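Here's the letter readout for the chains.
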Amino acid sequence: MEEIGFLGMGIMGKAMAVNLLRHGFKVTVWNRTLSKCDELKEHGASVGESPAAVVEKCKYTIGMLSDPAAALSVVFDKGGVLEQIGKGKGYIDMSTVDADTSSKIFEAITAKGGDFLEAPVSGSKKPAEDGQLVILAAGEKALYEEALPAFDVMGKKSFFLGQVGNGAKMKLVVNMIMGSMMNAFSEGLVLADKSGLNPQTLLDVLDLGAIANPMFKMKGPSMLKGNYTPAFPLKHQQKDMRLALALGDENAVSMPVAAASNEAFKKARTLGLGDLDFSAVHNTVKGNDQ
Ligand SMILES: NC(=O)C1=CN([C@@H]2O[C@H](COP(=O)(O)OP(=O)(O)OC[C@H]3O[C@@H](n4cnc5c(N)ncnc54)[C@H](OP(=O)(O)O)[C@@H]3O)[C@@H](O)[C@H]2O)C=CC1
Ligand SMILES: O=CC(=O)O
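Parameters at a glance
- Residues numbered from 1 in each chain as written.
- Chains lettered and ligands numbered in written order.
- Predicted model: local features only at pLDDT ≥ 70, side-chain atom pairs only at ≥ 80, totals over all residues.
- Heavy atoms only, no water.
- Near = heavy atom within 4 Å.
- Polar contact = N/O pair within 3.5 Å; in protein donor to acceptor, adjacent residues only side chain to side chain.
- Areas by Shrake-Rupley, 256 points an atom, 1.4 Å probe, with all protein chains shown as cover.
- Helix = DSSP H or I, 4+ residues; strand = E, 2+ residues; numbered from the N terminus.
- Nonpolar A, V, L, I, M, F, W, Y, C, P; charged D, E, K, R; others polar.
- Buried < 20%, exposed > 50% of the residue type's maximum accessible area, 1.4 Å probe, protein only.
- Pairing = 2+ DSSP bridges.

**Details of the site of ligand 1**
Then comes step 1: Around ligand 1 sit 26 residues in total, of which Asn31, Thr33, Lys36, Ser124 and Lys239 are the nearest.
Then comes step 2: Between ligand 1 and the protein, one listed contact pairs an oxygen atom with a backbone N or O atom of Ile11 at 2.9 Å.
Then comes step 3: Burial of ligand 1 by the protein amounts to 89% of the accessible area it has alone, namely 910 Å².
Then comes step 4: Contributing elements (two or more residues each) for the shell around ligand 1: α1 (11-22), α4 (68-76) and α11 (234-250).
Then comes step 5: For the shell around ligand 1, the element with the most residues is α4, which contributes three residues.
Then comes step 6: Of the residues belonging to the shell around ligand 1, the class tally is eleven nonpolar, eleven polar and four charged.

This is how it looks when you write it as structure tokens:
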């Protein structure tokens, strides 16, 4: 079996790489903070000393980085992907970034003869561990087909959405909706509580009606306990709201609900909650004293 490269051993990258290893794939990993690769070695991964070293060794390499700056850095900086990419090699960026960032990476990689696919994912830490992600790919169709065996392990469904940018945009639209829903949910939990209702009963009522969804079901009980252990860090959700609002600007789409939600996530960041789960935006409604 060909060796797969994997750059970025954060919450998602680690879970996805471990999942690939569990399913018999050979994986070479790299992370900016190299010590985070130690655990992967225990699962059978090899470790590369730079993105370029990983690309040199592997037929295709996946990136799962925090934001546009990180995604660009591992490609363009010294020791980056560009130094070793070329004909017969592919790079698949699964980070959530904007279409412009993805296009810059696509152009640089194809200029060197390599193939590029963007493939952001929907689904969080647990779906990544369980191979239940939804993969939103766009770019080089041949690379998509080459990566399908790995996508089938990491995800429950893969979409091929056409030209570069479409995967990034789809992901931002989805997360714009998710971030707005999380804010409405937080307000509802606090309103129920402050108006004398049992918020647990609200969860039961929501779960039986037309707006029942896995996110409310999964996050609700921990939010009521004030547990915001990060699965999807709030700082990344705020980045997604910001990028989705920019997409709205470009397309003259009025998004007052998303804009208000972005303000709430920004407020949460100023309260020092950026590294907690995005459900910690709940604190901007209930106040930190509760
Ligand atoms: N968590 C989730 O539920 C989901 C996240 N996503 C998206 O996936 C991506 C990764 O998320 P997640 O794993 O949660 O994030 P984490 O914050 O856990 O991990 C971020 C990763 O990016 C690396 N990184 C950050 N800055 C740089 C840089 N300048 N150069 C090189 N590497 C860098 C970090 O390295 P280091 O360890 O050295 O800091 C780390 O490996 C994000 O785009 C996020 O929006 C998508 C779906 C779900
Ligand atoms: O991007 C986050 C997710 O849960 O999907």
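From this point, things continue past the structure.
**Here we look at the pairing of strand β8 (residues 133-139)**
One face of the sheet, then the other: side chains in a regular strand alternate in exactly this way.
Then comes step 1: With respect to burial, β8 is a largely interior element, six of its seven residues being buried.
Then comes step 2: The pairing of strand β6 (residues 115-118) with β8 spans two bridges and is antiparallel. The residue bridging Glu118 from the neighbouring strand is Ala138, located in β8.
Then comes step 3: Here two bridges tie strand β7 (residues 121-122) to β8, and the two strands are oriented antiparallel to one another. Across the sheet, residue Val121 finds its bridge partner in β8, namely Ile135.
Then comes step 4: As judged from the five bridges shared by β8 and strand β9 (residues 155-160), these two strands associate in the parallel manner. Bridge pairing in β9 links Leu136 to Phe159.

**Some words on the site of ligand 2**
Then comes step 1: The environment of ligand 2 is formed by Ser122, Gly123, Ser124, Lys171, Asn175, Met178 and Phe232.
Then comes step 2: Gly123 places a polar main-chain atom, nitrogen or oxygen, 2.8 Å from an oxygen atom of ligand 2.
Then comes step 3: Within the side chain of Asn175, a nitrogen or oxygen atom sits 2.8 Å from an oxygen atom of ligand 2.
Then comes step 4: If ligand 2 stood free it would expose 200 Å²; the protein chains cover 89% of that surface.
Then comes step 5: Here the element with the most residues in the shell around ligand 2 is helix α8 (residues 166-194); it accounts for three residues.

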